[in-house]
Amino acid sequence: MGFYKHHYYCIGLFAVLFTHAYTTFGQTTSTCFVSGIVLDGNVATDVYNRSTGATATYSITSYTTAGTCSAVTWSIRLNGSNTEVATYTFATSAAVYKPSYTDLNVSATSAGVADQSVVTFQINQLSSNESGIIVFAVNAFTTSALTPPLEILDCNPVNETGLITSASSSPCGYQCQVEYSCAPTYSGDNVSAVCLANATLSQTPDCVQSSRSKSLSDGAIAGIVIGCLIAVALIIFFLIPIFCTEICCCAFSILCLSWGTKEYTAGRS
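Residues numbered from 1 in each chain as written. Predicted model: local features only at pLDDT ≥ 70, side-chain atom pairs only at ≥ 80, totals over all residues. Heavy atoms only, no water.

Asker: Looking at this structure, I do not really get the confidence of the model for the protein. What am I missing?
Answerer: Low pLDDT means the predicted atomic positions in that stretch should not be read closely. Put simply, the protein has an average pLDDT of 79, and 70% of its residues get 70 or more. Low pLDDT, under 50, characterises residues 1–28; the stretch is placed with 18 contacts to residues that sit more than four places away or in other chains. (pLDDT = per-residue confidence, 0-100. Contact = heavy atoms within 4.5 Å.)

What follows is the structure in structure tokens.
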């Protein structure tokens, strides 16, 4: 008899675990959730990146059947600890917030299909303390899949040779303004960029060094110096004999004229 009890207990436990696994990962209409959680504004590689001070808006589509799919509770996981933060009830069209978390907004809109609504969970004014936050939704039947960790980042203005960079705040968070201009001897357009919600800047600068002002390499400078020294040496080598010849001729002519004048004067006296 005890064997059968144990056997039935195992079957019951298996059924519970199977049902839990099915409701957790199945995401079917019988679990109330129509699909998984989506983070608004996801793009390519930075799907779950957000800038400091920005907003993260999660949404999930749920059935709204009275008595079964009556509410959606949003929870967060941070540093391994789960916290229920808000519950949206379809019957009252209102959300109740837990005091343990602030800067939240939960709402619901029609999904365009009968008995379905898109329930939105918004975290405002994100800070670096919330980096790594994970979000999930719960109803009477199931728990949604966990979202990837949210990374809270600052925008990083470009600082490199040839650029003059000025940011409206440091660190540079959401809607921070970054002004770029080209340094002297560099050419390009001035750029005004803004830190976007996905922690990237709206524009990047492009300053290039002017061809007339490119700095010379050490080898080029050495070549110029050596060339100048050789030119001076050649000038000295060729001009000195010429100058000496002219000077000697002039001196000799003067001396000859002077001597002839003396002889002429002496003969007359």
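The rest of the description comes next.
Asker: Help me understand the state of the cysteines in this model?
Answerer: Here a disulfide denotes a covalent bond joining the sulfur atom of one cysteine to the sulfur atom of another. Across all of its chains, the model carries four disulfides by this definition. Residue C172 pairs covalently with C176 via a disulfide, S to S 2.2 Å. Here the S-S torsion is close to -110°, and the disulfide linking C172 with C176 is therefore left-handed. By relative accessible area, which is 3% here, C172 ends up buried. Assessed through its relative accessible area of 3%, C176 is described here as buried. Once the disulfide-bonded cysteines of the protein are ranked by sequence position, their pairing pattern turns out to be 1-2, 3-7, 4-5, 6-8. (Disulfide = S-S within 2.5 Å. Buried < 20%, exposed > 50% of the residue type's maximum accessible area, 1.4 Å probe, protein only.)

Asker: Any chance you could explain the sheet that holds strand 7 (residues 104–110) here in plain terms?
Answerer: Strand pairing within a sheet occurs via backbone hydrogen bonds; the two strands may be parallel or antiparallel. With antiparallel pairing, four strands are arranged side by side in an open sheet as 1-3-8-7. The open sheet has two free edges, formed respectively by strand 1 (38–39) and strand 7, since each of these has just one partner strand. Note that strand 7 and strand 8 (residues 116–123) share seven bridges and pair antiparallel. Note on strand 8: the bridge partner recorded for V106 is F121. (Pairing = 2+ DSSP bridges. Helix = DSSP H or I, 4+ residues; strand = E, 2+ residues; numbered from the N terminus.)

Asker: Can you help me understand the packing of aromatic side chains in this one?
Answerer: Geometry of an aromatic ring pair is reported as the spacing of the ring centres plus the angle between the planes. One pass over the full model with this rule turns up three aromatic pairs. With centroids separated by 6.3 Å and ring planes inclined at 35°, the aromatic side chains of Y58 and F121 adopt a geometry described as tilted. Placement of the pair is Y58 in strand 3 (residues 56–63) and F121 in strand 8, with a sequence separation of 63 residues. Given a relative accessible area of 0%, Y58 falls into the buried group. Judged by relative accessible area, which is 0%, F121 ranks as buried. Centroid distance W74 to F121: 5.1 Å. Interplanar angle 10°. Geometry classified as stacked. Taken as a pair, W74 in strand 4 (residues 71–78) and F121 in strand 8 lie far apart in primary sequence, 47 residues in all. Like F121, W74 is buried. Put simply, the rings of Y58, W74 and F121 pair up and form one aromatic cluster. (Phe/Tyr/Trp six-rings, centres within 6.5 Å; stacked < 30°, edge-to-face > 60°.)

Asker: Where do I start with the pattern of salt bridges in this structure?
Answerer: Two side chains with opposite charge may pair up if their charged atoms get near one another. Per the counting criterion, the structure on display carries one salt bridge. The salt bridge partner of K98 is E84, with a shortest N-O separation of 3.3 Å. Remark: E84 occurs in strand 5 (residues 81–89) and K98 occurs in the loop between strand 6 (94–97) and strand 7; sequence separation between them is 14 residues. Residue K98 is classed as partly exposed on the basis of its relative accessible area of 30%. Residue E84 is classed as partly exposed on the basis of its relative accessible area of 43%. (Salt bridge = Lys/Arg side-chain N within 4 Å of Asp/Glu carboxyl O.)

Asker: Whenever I open this one, the pairing of strand 8 confuses me. Can you help?
Answerer: Each regular strand carries side chains that alternate between the two faces of the sheet. Counting buried positions over the eight residues of strand 8 gives six, a clear majority of the element. One ladder, built from eight bridges, connects strand 3 with strand 8; its direction is antiparallel. Across the sheet, Y58 pairs through a bridge with F121, a residue of strand 8. A loop of five residues connects strand 7 with strand 8, the two strands running antiparallel in sequence, and G112 in this loop sits at a positive phi of about 85°.

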